[in-house]
Amino acid sequence: MDFSSSSSPDFYGFLDRMRRPAAADLIRSIKSFIVSFSLNATDAEEDSKRVQEYLFTMEATIKDHPLWVNASYEEIDNAIEGLEKFIMTKLFNRTFASSPEDSKIDSDISEKIRLLQCFIKPNHLDVPRLLRNEASWLLAVKELQKINAYKAPREKLTCIMNCCQVINNLLLNASESVHHAPAGADEFLPALIYITIKANPPQLHSNLKFVQLFRRETKLISEIEYYLTNLISAKTFILNINAHSLSMEEDEFENHMRNAKLAIEQSTTDSRPQMLDSDAVGSRRKGKEIIAEEARYPFLDANPEELTSEDVKILLGTYKQLVNRYTSLSAALRRLSLDENLLLSSSYSLSPRRDPPFRERK
């Protein structure tokens, strides 16, 4: 049995004892559990129950085992932590995102967040101005994005804890600066929702479900439980987000979502010039308002400090497409012997919202 994995100090201690000859009976028990576990049909709730019961039973077994004679409570606890990590790492492929439904929810959340990232701002979620600290937000985002890099429930939960503690520190600092009592969930949750949208952590639903099901129940208490519950609430809020959630008019929200989808599609498609589709042309003929400019260039009126890293990626894709279109159009105009500057001047004279472009002196 391979006990060569490594991570935290308590896990090293667990592996060290498991390599001793006196641990042979424990190794047989662990190996038997892993093999028998894999023989049963996948059932998330039942799998969770089996893991929790086995860890509880093994805690009593380890307390009475010669390898842990006279061991302190902390040493016993570290051993069970090591056992949980080892078992769940071995069973990870069987227990993580174990159903098509989980994968579907992960995909839906990720796609929803990608759209929201194009336009959502802190004020949409009523995040207090005192909490708008870009450096701290970036740190919280990076911690949450690490969650998918680990296989053990405890380590995934540590990523959640680190992210939430950054936000909590911002709340505490804000409370001290305005001399009032520490802020509560009314301020914490909106900030966490915004951080989650900025982070768009991979497989968010599956990671939260995995932690809920397979982290030792005795460890999901107090502050840890509070942070996990809030992130689950943030996930649910994002999945169901609508115009009312953001205090927007329905038409405004739908326009934002539609423009975001178009911007993302344009950033991932071929940069070659494309004709307008027949539906769009038909809509114009029917006199419907077509917001082509906003759809193609959703950040036209944005301020630099409002842009996220995802915004920059979208802008780069749009810029590349714009350059290619301009190059192709210029070449076509030259072939037709048309004056490009004259055409541009005529175009801008019909659109008073924009200043005319700079024209070279003759």
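Source: prediction; values computed, not measured.

## Things to note about the overall build of the protein
(1) Moving on: Summing up its helical and strand segments, the protein has 16 helices and zero strands in all.
(2) Moving on: When each of the 362 residues of the protein is scored for burial, the buried share is 40%.
(3) Moving on: Taking as baseline every contact in the protein between residues at least 6 positions apart, the subset at least 24 positions apart corresponds to 75%.
(4) Moving on: Surface exposure of the protein reaches about 21100 Å², of which carbon and sulfur atoms provide 52%.

## A look at the packing of aromatic side chains
Pairs of aromatic rings are described using the distance from one ring centre to the other and the angle between the two planes.
(1) Moving on: Per the counting criterion, the structure on display carries twelve aromatic pairs.
(2) Moving on: Ring geometry for F96 and F210: centres 5.7 Å apart, planes at 75°, overall edge-to-face. Placement of the pair is F96 in the loop between α5 (92-95) and α6 (100-116) and F210 in helix α10 (residues 204-214), with a sequence separation of 114 residues.
(3) Moving on: With 6.3 Å between their ring centres and 80° between their planes, F119 and F253 make a pair best called edge-to-face. With a gap of 134 residues between them, F119 in the loop between α6 and α7 (134-145) and F253 in helix α12 (residues 250-268) connect regions that are remote in the sequence.
(4) Moving on: Look at F119 and you get buried, because its relative accessible area is 8%.
(5) Moving on: The ring centre of F11 lies 5.1 Å from the NZ or CZ of K85, which sits over that ring.

## Quick word on the pattern of salt bridges
(1) Moving on: This model, assessed by the stated rule, comprises 13 salt bridges.
(2) Moving on: The partner of E81 in a salt bridge is R215, and the shortest N-O contact between them spans 2.6 Å. You can see E81 sitting in helix α4 (residues 73-90) and its partner R215 sitting in the loop between α10 and α11 (222-239), a full 134 residues away along the chain. When sorted by exposure, E81 lands in the same class as R215, which is buried.
(3) Moving on: One network of salt bridges, with partners in common, ties together D77, E81, E84, R215, R216 and K219.

## Here's the deal with a negative patch on the surface
(1) Moving on: A cluster of acidic residues, E249, E250, D251, E252 and E254, forms a negative patch on the protein surface.
(2) Moving on: By the element assignment, D251 lies in helix α12.

## Describing α6
(1) Moving on: Here α6 contains 17 residues, and its C-alpha end-to-end distance of 24 Å stays within 8% of the 24 Å for a straight helix at 1.5 Å per residue.
(2) Moving on: For α6, the full list of buried residues reads D102, I105, D106, I109, K112, I113, L115 and L116.

## Looking at the confidence of the model for the protein
(1) Moving on: The pLDDT averaged across the protein works out to 82; a share of 73% of its residues lies at or above 70.
(2) Moving on: Mean pLDDT values over the elements of the protein span from 44, in helix α14 (residues 292-296), up to 97, in α10.
(3) Moving on: Confidence drops under pLDDT 50 across residues 2-7; counting only partners more than four residues distant or on other chains, this segment forms 18 contacts.

## Focus: the environment of S245
(1) Moving on: Here S245 is to be found in the loop between α11 and α12.
(2) Moving on: Residue classification places S245 among the partly exposed positions, given a relative accessible area of 25%.
(3) Moving on: A C-alpha to C-alpha distance of 8.6 Å links S245 and H124, two positions 121 residues apart in sequence.
(4) Moving on: Discounting residues that sit within four places of it in the chain, S245 has contacts with H124, F237 and N240.
(5) Moving on: Within the local environment of S245, its side chain forms a polar contact with the side chain of N242, the two groups lying 2.8 Å apart.

## Focus on the side chain of H124
(1) Moving on: With respect to the element layout, H124 can be found in the loop between α6 and α7.
(2) Moving on: Polar side-chain contacts of H124 include one of 2.9 Å to the backbone nitrogen of K121.
(3) Moving on: Apart from the residues lying within four places of it in its own chain, the contact partners of H124 are F119, S245, L246 and M248.

## As for unusual backbone geometry
(1) Moving on: One non-glycine residue, N70, lies in the positive phi region at around 60°.
(2) Moving on: In this fold, N70 is placed in the loop between α3 (44-63) and α4.
(3) Moving on: Take N70: its relative accessible area is 77%, and that puts it in the exposed class.
(4) Moving on: One non-glycine residue, A97, lies in positive phi territory at about 45°.
(5) Moving on: Take A97: it is sitting in the loop between α5 and α6.

## Focus on the environment of K156
(1) Moving on: Relative to the assigned elements, K156 resides in helix α8 (residues 153-178).
(2) Moving on: K156 has contacts with F92, F96, I147, N148, Y150, K151, N207, F210 and V211, leaving out every residue within four places of it along the chain.

## Considering α12
(1) Moving on: With 19 residues, α12 extends 27 Å from end C-alpha to end C-alpha; this agrees with the ideal 27 Å at 1.5 Å per step.
(2) Moving on: Along α12, the positions that sit buried rather than exposed are F253, M257, N259, A260, A263, I264 and Q266.

## Thoughts on the environment of V35
(1) Moving on: Secondary-structure assignment places V35 in helix α2 (residues 24-39).
(2) Moving on: Along the chain, V35 and L91 lie 56 residues apart, while their C-alpha atoms are 9.6 Å from each other.

## Quick notes on empty space enclosed by the protein
(1) Moving on: According to the stated counting rule, one finds two cavities of 30 Å³ or more in the structure shown.
(2) Moving on: A44, T95, F96, A97, S98, D102, S206, K209, F210 and L213 together form the lining of the largest cavity.
(3) Moving on: Here the element with the most residues in the lining of the largest cavity is α10; it accounts for four residues.
(4) Moving on: For the lining of the largest cavity, a count of residues per class yields five nonpolar, three polar and two charged.

Parameters at a glance
- Residues numbered from 1 in each chain as written.
- Predicted model: local features only at pLDDT ≥ 70, side-chain atom pairs only at ≥ 80, totals over all residues.
- Heavy atoms only, no water.
- Helix = DSSP H or I, 4+ residues; strand = E, 2+ residues; numbered from the N terminus.
- Buried < 20%, exposed > 50% of the residue type's maximum accessible area, 1.4 Å probe, protein only.
- Contact = heavy atoms within 4.5 Å.
- Areas by Shrake-Rupley, 256 points an atom, 1.4 Å probe, with all protein chains shown as cover.
- Phe/Tyr/Trp six-rings, centres within 6.5 Å; stacked < 30°, edge-to-face > 60°.
- Lys NZ or Arg CZ within 6 Å of the ring centre and 35° of its normal.
- Salt bridge = Lys/Arg side-chain N within 4 Å of Asp/Glu carboxyl O.
- Patch = residues over 30% accessible without salt bridge, like charges linked within 9 Å, V, L, I, M, F, W, Y side chains within 5 Å.
- Lys, Arg positive; Asp, Glu negative; His and termini not counted.
- Charge placed at Lys NZ, Arg CZ, Asp CG, Glu CD.
- Expected span 1.5 Å × (residues − 1).
- pLDDT = per-residue confidence, 0-100.
- Polar contact = N/O pair within 3.5 Å; in protein donor to acceptor, adjacent residues only side chain to side chain.
- 1 Å grid on protein atoms, 1.4 Å probe; cavity = no way out; pocket = protein on both sides within 12 Å on 5 of 7 lines; lining within 4 Å.
- Points joined across faces, edges and corners; volume = space filled by probe spheres on them.
- Nonpolar A, V, L, I, M, F, W, Y, C, P; charged D, E, K, R; others polar.

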